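Here is how the chains run, residue by residue.
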Amino acid sequence: LAESDDILHVDIKPDDVRPTLVISGEIDLVSSARLRAAIDEALALGAASLEFDFSHVSFMDSTGLGILASTSDRAMEAGGSVRVRGASPTVVRLLEVSRLDSVIDVA
Amino acid sequence: VTDAVHPTVDPAIIPDDESDRLAAVRRYDVLDTPPDGAFDRLTALASRLCSTPIAIVSIVDTDRIWFKSHHGLDVEQIDRDPGLCASAILGDGPWIVEDARADPRTMANPLVAGEFGLGFYAGVPLTTADGFRLGTLCVIDQEPRPTTEREIADLTDLAAVVMDELELRRSALQLLELEAEQRRSAETLAAILQESLVPADLPALDGLDLAARYLPADQARVGGDFYDAFGCGAGGALIIGDVSGHGPPAAALTGMARHTLRALGRGDWTPASSLTVLNATILDARTSGERRFATVAAVRLDPDDHGGLAVSVALAGHPHPLVLRTDGRVEEVGRLGPLLGWRPVPGFEDDTTTLAPGDVLVLYTDGLLDAENDTERFGDDRLHTTLAGLRGADADAIASGLMDAVATFASRLRDDVALLVARVV
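Residues numbered from 1 in each chain as written. Chains lettered and ligands numbered in written order. Predicted model: local features only at pLDDT ≥ 70, side-chain atom pairs only at ≥ 80, totals over all residues. Heavy atoms only, no water.

Looking only at helices and strands, one finds 4 helices and 5 strands in chain A. Counted from the first residue to the last, chain A has its helices and strands arranged as α-β-β-α-β-α-β-α-β. Within chain A, buried positions represent 51% of all 107 residues. Within the structure as shown, chain A displays about 4800 Å² of accessible surface, and the carbon and sulfur contribution to it stands at 49%. (Helix = DSSP H or I, 4+ residues; strand = E, 2+ residues; numbered from the N terminus. Buried < 20%, exposed > 50% of the residue type's maximum accessible area, 1.4 Å probe, protein only. Areas by Shrake-Rupley, 256 points an atom, 1.4 Å probe, with all protein chains shown as cover.)

This part covers the environment of B:Thr270. Residue and element names in this part refer to chain B. Tracing the chain through its elements places Thr270 in the loop between α7 (247–264) and α8 (271–284). For Thr270, a relative accessible area of 32% puts it in the partly exposed group. Along the primary structure Thr270 and Ala237 are separated by 33 residues, whereas in three dimensions their C-alpha atoms are 9.9 Å apart. Reaching out from Thr270, the side chain makes a polar contact with the side chain of Asp350 at a distance of 2.7 Å. (Polar contact = N/O pair within 3.5 Å; in protein donor to acceptor, adjacent residues only side chain to side chain.)

Here we come to the pattern of salt bridges. Two side chains with opposite charge may pair up if their charged atoms get near one another. Taken as a whole and judged by the stated rule, the model has 36 salt bridges over all chains. A salt bridge links B:Arg150 to B:Asp154, with the nearest nitrogen and oxygen atoms 3.4 Å apart. A residue pair is termed a helical-turn pair when its members lie 3 or 4 positions apart in one helix, as B:Arg150 and B:Asp154 do in helix α5 (residues 149–184) at 4 residues. Exposure remark for B:Arg150: the relative accessible area of 60% places this residue in the exposed category. When salt bridges with common partners are traced through the structure, they connect A:Glu26, A:Asp28, B:Glu372, B:Arg412 and B:Arg414 into a single cluster. (Salt bridge = Lys/Arg side-chain N within 4 Å of Asp/Glu carboxyl O.)

Before going further, it helps to spend a moment on the side chain of A:Thr20. Looking at the secondary structure, you find A:Thr20 in strand β2 (residues 20–27). Aside from chain neighbours lying at most four places away, what touches A:Thr20 is A:Asp11, A:Ile12, A:Lys13, A:Glu51, A:Asp53 and A:Arg85. (Contact = heavy atoms within 4.5 Å.)

Right, let's talk about α7(B) for a bit. Taking 1.5 Å per residue, 18 residues should reach 26 Å; α7(B) reaches 26 Å between its end C-alpha atoms and fits that length. Buried within α7(B) are the following residues: B:Gly247, B:Ala250, B:Ala251, B:Leu253, B:Thr254, B:Gly255, B:Ala257, B:Arg258, B:Thr260 and B:Leu261. (Expected span 1.5 Å × (residues − 1).)

Residue-level contacts link 25 residues of chain A with 27 residues of chain B. Contact between chain A and chain B buries roughly 1900 Å² in total, counting both sides, with carbon and sulfur atoms accounting for 56%. Contact with chain B buries surface across chain A, with A:Leu29, A:Phe59 and A:Val97 losing the most and accounting together for 25% of the total. Where chain A packs against chain B, one counts 4 salt bridges. (Buried area = accessible area lost by both parts, 1.4 Å probe.)

Here the focus is unusual backbone geometry. Residues and elements named next belong to chain B. In this structure, Asp29 takes a positive phi of about 45 degrees despite not being glycine. For Asp29, a relative accessible area of 46% corresponds to the partly exposed category. In this model, Ser51 sits at a positive phi of 55 degrees, which is unusual for a non-glycine residue. In this fold, Ser51 is placed in the loop between α2 (37–50) and β1 (54–60). Under the relative-accessibility criterion, Ser51 is labelled exposed at 54%.

With that settled, the discussion passes to the environment of B:Gly245. Inspection of the secondary structure puts B:Gly245 in the loop between β9 (235–243) and α7. Under the relative-accessibility criterion, B:Gly245 is labelled buried at 10%. For the pair formed by B:Gly245 and B:Gly224, sequence separation is 21 residues and the distance between their alpha carbons is 6.1 Å. Apart from the residues within four sequence positions on either side, B:Gly245 is in contact with A:Leu29, A:Thr63, B:Gly224, B:Ala250 and B:Arg292.

Residue and element names in this part refer to chain A. Within the secondary structure, Ser55 is located in strand β3 (residues 50–60). Separated by 30 residues in the primary sequence, Ser55 and Gly25 place their C-alpha atoms 9.7 Å from one another. Among all residues touching Ser55, those that are not within four sequence positions of it are Arg85 and Gly86. Here Asp53 takes part through its side chain, which lies 2.6 Å from a polar atom of the side chain of Ser55.

This part is about the state of the cysteines. Overall, the coordinates contain 0 disulfides over all chains when judged by the stated rule. The structure places no disulfide on B:Cys85, whose sulfur is separated from the nearest cysteine sulfur, that of B:Cys138, by 3.9 Å. (Disulfide = S-S within 2.5 Å.)

Residue and element names in this part refer to chain B. Taking 1.5 Å of rise per residue, 14 residues should cover 20 Å, and α8 covers 20 Å from first to last C-alpha, within 8% of that figure. All buried positions along α8 are accounted for by Pro271, Ala272, Ser274, Leu275, Leu278, Asn279, Ile282 and Leu283. The inward-facing, buried residues of α8 contact α7, β10 (294–303) and β11 (309–316).

This part is about the packing of α7(B) against α8(B). Residues and elements named next belong to chain B. Contact pair α7 / α8: the axes reach a minimum separation of 10 Å and the direction vectors enclose 140 degrees. As judged from the angle between their axes, α7 and α8 are oblique. Helix-helix and strand crossings are classified by hand; for α7 and α8 the assignment is right-handed. Contact with α7, carried on its side by Leu253, Met256, Ala257, Thr260, Leu261 and Leu264, involves Ser274, Leu275, Val277, Leu278, Thr281 and Ile282 of α8 and no other residues of that element. Tallied by class, residues from the contact of α7 with α8 come to 9 nonpolar, 3 polar and no charged. (Axes fitted to C-alpha atoms, helices over the stretch in contact; angles between N-to-C directions. Parallel < 35°, antiparallel > 145°, perpendicular 65-115°, else oblique. Left-handed = near helix turned anticlockwise from the far one by under 90°. Nonpolar A, V, L, I, M, F, W, Y, C, P; charged D, E, K, R; others polar.)

Pasting the structure below:
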């Protein structure tokens, strides 16, 4: 598992209103625990909103969609929102197909 | 065995084989189990055949007599006192007490001497195949009365049926234990999970040629994608989906999805109405743990007046099914809807089209698009082009053609691939 852990890296850029998670690598079942932990960490900073920088995300599957759906619900319950920036056409298409684009701002 | 002789129980009513007998009682694992209709029907029958208000299936435990079924009496257990069931299990045959208050064997028993005022008791031991007497089937009246040979014969036959029922129950428990043990083995687990994902055989649907493919990305990690096909009315239903995660939790969600959609398919349904119910079912089943989501494409097919099929499609987080027309055109069908298990008010919509003879409907999961080589993924455009090139082929050849194209193109599957192809004949 040590090897597959390397497929995802997350940097958190703190911000009072909307911290950014800069994600590099592949979001799938194997890497999902790391992403979840990073989201918990970012939300623990106290802001209601999150931004995901997907510029360096090479792959995302339905596990990632589930994480984004849950995170968007959490943000909205706290009065905030989720924004995704720099997503590839494939990831943008996934957000459309799942209708996550109805609540997530895809920039 | 130290529990063989209990200090509060009269040693005179402890059988010689008591520790082995108690082990037999434990083997049937029946003590303190909930009421069971099979036993309740037998005590009701015993009460009717013997014309007594009360009939009981009793199990004699270390210091108590526990009732598996108690017809006509609102008591679940009594102390193990001499005279009644506790004495009845000491011998092979029926134990008959026609006038309990006058009978020296029973007059001191609390049920006889006390407020209840038992007057009549007839019990037949419940004897296992290896000769242990677990308890009795007995009938009870508050008034003393004589017995007939016929009643004793009926009671003896019924006691044998009670014993058969206990054996049946034990076999079922053993089977469950065996299954649980098998489930612990990873290999068997994978096989069981696989069965929950896809039907063993595709159904024969009138006027429809069906084919399916399922290719797990990782043989050791079953879960993820599923499909189903079943008849409803004069037509049928096609379902394909992808649940988040793998293994038992994913399989549980898959099972819920397939069974819910099948059950709804028996009534008056549209794909959107069924997905709406399934969405609510998943949200209701949500526990405090990790949330689970699924994508599903649901299709209903009904014969139309022109030898073709009326198609309705609803999508929940799932990519569009494709229609391949006989002239080679490829069309997307369905309106995109939210992931299942996410929105309380999902707003799924039915989209409709018609299929003429020769037209083909293709349902697939994301894994097909995500198959990749070193530089590219298979993707929508390649899927459309490949499908158009398979014009004129039957369902099985189209399914093989698509899977072959993926295998030829891709060096790696990112996710499971499921594929369901239906061609109007």
